[in-house]
Amino acid sequence: MDTLLLVMLATILFAGSLIAIFLFPYDSKDLKQVKTRDTTGKETQQFFTLSEVSKHNQATDCWIIIKNKVYDVTSYVEEHPGGYAILNHAGGDSTEGFYGPQHASRVFDMVEEFYIGDLKL
Ligand code: HEM
């Protein structure tokens, strides 16, 4: 009898964790949050100057600016369906090209995964 109860309990726990995993899937975007905290514990944002961004201008180290937000797309360069055109304005402002007709609107969500901070204006 005790064994049966234990088996039932284990089954319920196992099923519960499966449901939890299904309902709250791991979101890789969480890892990309670059918000840091200052000494008072307040959330602060990361800012980069244009000169800092401009150093990241190649396939192996590629940052782009879209609407004054900075994205590190290095890991996406080789995956990019548009090839090395993603480097056209590497280290600089890619806003115009990014909103070109070649990109479907889902790309606007995709890019947020690469967000690292904002441009210091
Ligand atoms: C995170 C996702 C993406 C980012 C950050 C991105 C970024 C860019 C950038 C910066 C450019 C160059 C714009 C310029 O001239 O300055 C570009 C061009 C282009 N992208 Fe993307 N892209 C993404 C996803 C995609 C996807 C999913 C597709 C296709 C399904 C695509 C297709 C293209 C094409 C065809 C071009 C133009 C190529 C050319 O001019 O020869 N991109 N992209």
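Residues numbered from 1 in each chain as written. Predicted model: local features only at pLDDT ≥ 70, side-chain atom pairs only at ≥ 80, totals over all residues. Heavy atoms only, no water.

The chain goes by Cytochrome b5 heme-binding domain-containing protein in an unreviewed UniProt entry, where it is assigned to Ceratopteris richardii. Quoted verbatim from the Sequence similarities (unreviewed entry) field of the UniProt record, the comment on the chain reads "Belongs to the cytochrome b5 family." (UniProt positions renumbered as here; feature names shortened; annotations may be inferred.)

With that settled, the discussion passes to the overall build of the chain. When helices and strands are tallied, the chain shows 4 helices and 7 strands. Reading the chain from its N end, one meets helices and strands in the order α-β-β-β-α-β-β-β-α-α-β. Expressed as a percentage of its 121 residues, the buried residues of the chain come to 26%. Pairs at least 24 residues apart make up 63% of the contacts formed inside the chain by residues separated by at least 6 positions. Approximately 8900 Å² of the chain is accessible, and the part contributed by carbon and sulfur atoms is 62%. (Helix = DSSP H or I, 4+ residues; strand = E, 2+ residues; numbered from the N terminus. Buried < 20%, exposed > 50% of the residue type's maximum accessible area, 1.4 Å probe, protein only. Contact = heavy atoms within 4.5 Å. Areas by Shrake-Rupley, 256 points an atom, 1.4 Å probe, with all protein chains shown as cover.)

Within the secondary structure layout, Gln46 lies in the loop between strand 2 (43–44) and strand 3 (47–48). Judged by relative accessible area, which is 32%, Gln46 ranks as partly exposed. Other than its neighbours up to four places away in sequence, Gln46 contacts Ile116, Gly117 and Asp118.

Turning to the sheet that holds strand 6 (residues 69–72), a few remarks are in order. Overall, mixed pairing links the 5 strands, which are arranged 3-7-6-5-4 in an open sheet. The open sheet is flanked by strand 3 and strand 4 (57–58), the only strands paired with a single partner. Looking at chain direction, strand 4 and strand 5 (residues 61–66) are connected through 2 bridges and run antiparallel. Residue pairing in the sheet places Gln58 in a bridge with Asp61 of strand 5. (Pairing = 2+ DSSP bridges.)

A separate point is the pattern of salt bridges. Scanning all chains against the criterion turns up 2 salt bridges. Across the salt bridge formed by Glu112 and Lys69, the nearest N and O atoms sit 3.3 Å from each other. Of this pair, Glu112 sits in the loop between helix 4 (106–110) and strand 7 (115–119) while Lys69 sits in strand 6, and the two are 43 residues apart along the sequence. (Salt bridge = Lys/Arg side-chain N within 4 Å of Asp/Glu carboxyl O.)

Within the first shell, the iron atom of the ligand binds the protein through His80 (NE2) and His103 (NE2), at distances of 1.9 to 2.0 Å. Because the angles between the 6 donor atoms bound to the iron atom of the ligand fall within 86 to 180°, the donor set is best described as octahedral. Of this pair, His80 sits in the loop between strand 6 and helix 3 (95–98) while His103 sits in the loop between helix 3 and helix 4, and the two are 23 residues apart along the sequence. An identical accessibility class is assigned to His80 and His103; each is buried. (Donors = N, O, S within 2.8 Å, 3.2 Å for Na, K, Ca; no water. Tetrahedral: all angles 85-135°; square planar, octahedral: opposite > 155°, others 65-115°.)

The UniProt entry lists residues 45–120 under the feature "domain: Cytochrome b5 heme-binding" (unreviewed entry), expressed in the numbering used here. Across residues 45–120 one finds 17% helix and 25% strand; the C-alpha atoms that close the span lie 11 Å apart.

Glancing now at unusual backbone geometry. Positive phi outside glycine occurs at Lys67, with the angle close to 50°. Tracing the backbone through its elements, the reader meets Lys67 in the loop between strand 5 and strand 6. The phi dihedral of Asn68 is positive, around 65°, even though this residue is not glycine. Among the secondary structure elements, Asn68 is positioned in the loop between strand 5 and strand 6. The class for Asn68 is partly exposed, based on a relative accessible area of 33%.

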